[in-house]
Amino acid sequence: MKQYLELSRRIVEQGKWVENERTGKRCLTVINADLTYNVDSNEFPLITTRKSFWKAAIAELLGYLRGYSNAADFRAIGCNTWNANANDNADWLNNPSRKGEDDMGFVYGAVARNFPKPDGGSIDLVRKVVDNLSKGIDDRGEIITFYHPASFHLGCLRPCMFQHQFSILDGYLYLNSYQRSCDVPLGLNFNQVQVYTLLALMAQITGLKPGKAYHKIINAHIYEDQLELMRDVQLTREPFASPQLHINPKIKTFEDLETWVTLDDFSITGYEHHESIKYPFSV
Ligand SMILES: Nc1nc(=O)c2c([nH]1)NC[C@@H]1CN(c3ccc(C(=O)N[C@@H](CCC(=O)O)C(=O)O)cc3)CN21
Ligand SMILES: O=c1ccn([C@H]2C[C@H](O)[C@@H](COP(=O)(O)O)O2)c(=O)[nH]1
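Residues numbered from 1 in each chain as written. Chains lettered and ligands numbered in written order. Predicted model: local features only at pLDDT ≥ 70, side-chain atom pairs only at ≥ 80, totals over all residues. Heavy atoms only, no water.

- Where an unreviewed UniProt entry is consulted, the protein chain appears under the name Thymidylate synthase, with the organism given as Psychromonas marina.
- Of the protein chain, the UniProt comment under Sequence similarities (unreviewed entry) reads exactly: "Belongs to the thymidylate synthase family. Bacterial-type ThyA subfamily."
- Here the protein chain is described in UniProt, under the heading Catalytic activity (unreviewed entry), as follows: "dUMP + (6R)-5,10-methylene-5,6,7,8-tetrahydrofolate = 7,8-dihydrofolate + dTMP". (UniProt positions renumbered as here; feature names shortened; annotations may be inferred.)

Notes on the overall build of the protein chain
Alright, step 1. A tally of regular secondary structure across the protein chain gives 10 helices and 10 strands.
Alright, step 2. At 18 Å, the protein chain has a C-alpha radius of gyration in line with the 19 Å of a compact globule built from 283 residues.
Alright, step 3. Along the longest, intermediate and shortest principal axes, the C-alpha atoms of the protein chain span 50 × 50 × 35 Å.
Alright, step 4. When the 283 residues of the protein chain are sorted by exposure, 52% land in the buried category.
Alright, step 5. Sequence separation of 24 or more characterises 70% of the internal contacts of the protein chain that already satisfy a separation of 6 or more.
Alright, step 6. Total accessible area on the protein chain is roughly 12,800 Å²; 51% of this is exposed by carbon and sulfur atoms.
Alright, step 7. Here the protein chain contributes 30 positive and 34 negative side-chain charges, whose respective centroids are spaced 1 Å apart. (Helix = DSSP H or I, 4+ residues; strand = E, 2+ residues; numbered from the N terminus. Rg over C-alpha atoms; globule rule 2.2 N^0.38 Å. Buried < 20%, exposed > 50% of the residue type's maximum accessible area, 1.4 Å probe, protein only. Contact = heavy atoms within 4.5 Å. Areas by Shrake-Rupley, 256 points an atom, 1.4 Å probe, with all protein chains shown as cover. Lys, Arg positive; Asp, Glu negative; His and termini not counted. Charge placed at Lys NZ, Arg CZ, Asp CG, Glu CD.)

What to know about the site of ligand 2
Alright, step 1. Taken together, 14 residues lie around ligand 2, and Arg22, Arg180, Ser181, His221 and Tyr223 are the ones closest in.
Alright, step 2. Between ligand 2 and aspartate 183, the relevant distance is 2.8 Å, taken from an oxygen atom to a main-chain nitrogen or oxygen of the residue.
Alright, step 3. Between tyrosine 223 and ligand 2, the recorded distance is 2.6 Å, taken from a side-chain N or O atom to an oxygen atom.
Alright, step 4. When isolated, ligand 2 has an accessible area of 460 Å², and the protein chains bury 88% of it.
Alright, step 5. Every element with two or more residues in the shell around ligand 2 is listed here: β7 (172–183), α8 (187–206) and β8 (209–223).
Alright, step 6. Ranked by residue count, the leading element in the shell around ligand 2 is β7, at 5 residues. (Near = heavy atom within 4 Å. Polar contact = N/O pair within 3.5 Å; in protein donor to acceptor, adjacent residues only side chain to side chain.)

Some words on the packing of aromatic side chains
Alright, step 1. With the rule as written, the count across this model stands at 11 aromatic pairs.
Alright, step 2. Ring geometry for phenylalanine 44 against tryptophan 54: centres 6.1 Å apart, planes inclined by 90°, an arrangement best described as edge-to-face. Residue phenylalanine 44 is found in the loop between β2 (25–38) and α2 (54–66), and its partner tryptophan 54 is found in helix α2; the two are separated by 10 residues along the sequence. The residues phenylalanine 44 and tryptophan 54 share a single accessibility class, namely buried.
Alright, step 3. Between the aromatic rings of tyrosine 108 and phenylalanine 146, the centroid separation amounts to 5.4 Å while the plane-to-plane angle is 50°, which identifies the pairing as tilted. (Phe/Tyr/Trp six-rings, centres within 6.5 Å; stacked < 30°, edge-to-face > 60°.)

Observations concerning the UniProt feature "active site" (unreviewed entry) in the protein chain
Alright, step 1. According to UniProt, the "active site" (unreviewed entry) feature falls on Cys160.
Alright, step 2. Relative accessible area serves as the criterion here: at 18%, cysteine 160 is assigned to the buried category.
Alright, step 3. When near neighbours in sequence (up to four residues on either side) are disregarded, cysteine 160 contacts Tyr108, Tyr178, Gln179, Arg180 and Ser181.

So, the sheet that holds β8
Within a beta sheet, neighbouring strands are joined by backbone hydrogen bonds and run either parallel or antiparallel to one another.
Alright, step 1. Overall, mixed pairing links the 6 strands, which are arranged β1-β2-β8-β7-β6-β5 in an open sheet. The strands lining the two open edges of the sheet, one partner per strand, are β1 (16–20) and β5 (142–145). Strand-to-strand twist of the sheet, defined as the mean angle between neighbouring strand axes without regard to direction, takes the value 25°.
Alright, step 2. Across 11 bridges, β2 lies against β8 in antiparallel orientation. Of the residues in β8, the one forming a bridge with isoleucine 31 is asparagine 219.
Alright, step 3. Relative to the sheet, helix α1 (residues 2–14) contacts β1, β2 and β8, its axis offset from that of β2 by approximately 155°.
Alright, step 4. Contacts from α8 reach β2, β5, β6 (161–169), β7 and β8, with the element oriented near 160° to β7. (Pairing = 2+ DSSP bridges. Axes fitted to C-alpha atoms, helices over the stretch in contact; angles between N-to-C directions.)

Points about the pattern of salt bridges
Alright, step 1. In this structure the tally under the stated criterion is 14 salt bridges.
Alright, step 2. A salt bridge links lysine 25 to aspartate 225; the nearest nitrogen and oxygen atoms lie 2.7 Å apart. With lysine 25 in strand β2 and aspartate 225 in the loop between β8 and α9 (227–232), this residue pair connects regions lying 200 residues apart in the sequence.
Alright, step 3. For arginine 127, the salt bridge is made with glutamate 255, and the minimal N-O distance between the two is 2.1 Å. In this pair, arginine 127 sits in helix α7 (residues 125–134) while glutamate 255 sits in helix α10 (residues 254–259), placing the two residues 128 residues apart along the sequence. (Salt bridge = Lys/Arg side-chain N within 4 Å of Asp/Glu carboxyl O.)

Here it is in structure tokens:
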């Protein structure tokens, strides 16, 4: 929580204004932030200076791992975050490759699970990483990437948290996650949960002990219509201690994640928080 507040404060105090053409709004922006999460000691990086709807963030992660590319599939598992990008953005609505209501196109997990090969066919990057880690193999390239620039025209949004690399060292599993663009008031609240949970889940299904997760953010910003709430409300609140995340120990394989796992398999204890803040969302 301290890292989140420090980054938010840094943007408020040192950020520069940048015009964003896609949303038509200005963003107060800083470049580069490195956050570390202690998955080994179960310090779940949940925002405490406002109420966090953390389950939706885990649902979004599950949808990515399953390769979903439709906002209705995300809604069905408890996540509403893709409705606007799938259905309310004029550029995407006019894109001839959009396959109707709720279609997100070729994005995120759909890319990683079917990563196109230049010589034809595709590979499943998630499966490859899970299979190797389960055998204790780290080939120094255990990378799940959602980033496929040649396909950007086929999706509603470029991936923001675009790559996750796993490493094994001394029996511990580590994760480095990369994020090119970060909406700190709204997106980061979810992205912190996702980086943490991805390492915890991957360790659990591969039989490794979770170590640290490292989260690198490149462009970290606050939209102009979010600034007042962040500066005058959220940043004036005192944070509480981190809660703990509990994952159903019956989840043992990637197939479990793909088939029966729901949000009921995740719970937290020790979550003390201030009241919710409703930040504006830019489509
Ligand atoms: N401008 C923007 N910011 C983002 O963070 C973002 C995008 N666009 N587009 C793609 C995804 C969708 N994400 C979202 C979308 C909505 C919320 C949101 O409204 N969160 C609310 C409540 C969520 C709920 O009730 O489940 C929040 O208060 O955190 C968060 C992340 C993250 N990403
Ligand atoms: O997981 C996510 C997904 C998206 N965001 C934010 C970051 C930006 O504010 C927008 C995406 O806009 P671009 O013009 O494509 O950069 O969504 C996030 O923070 N986390």
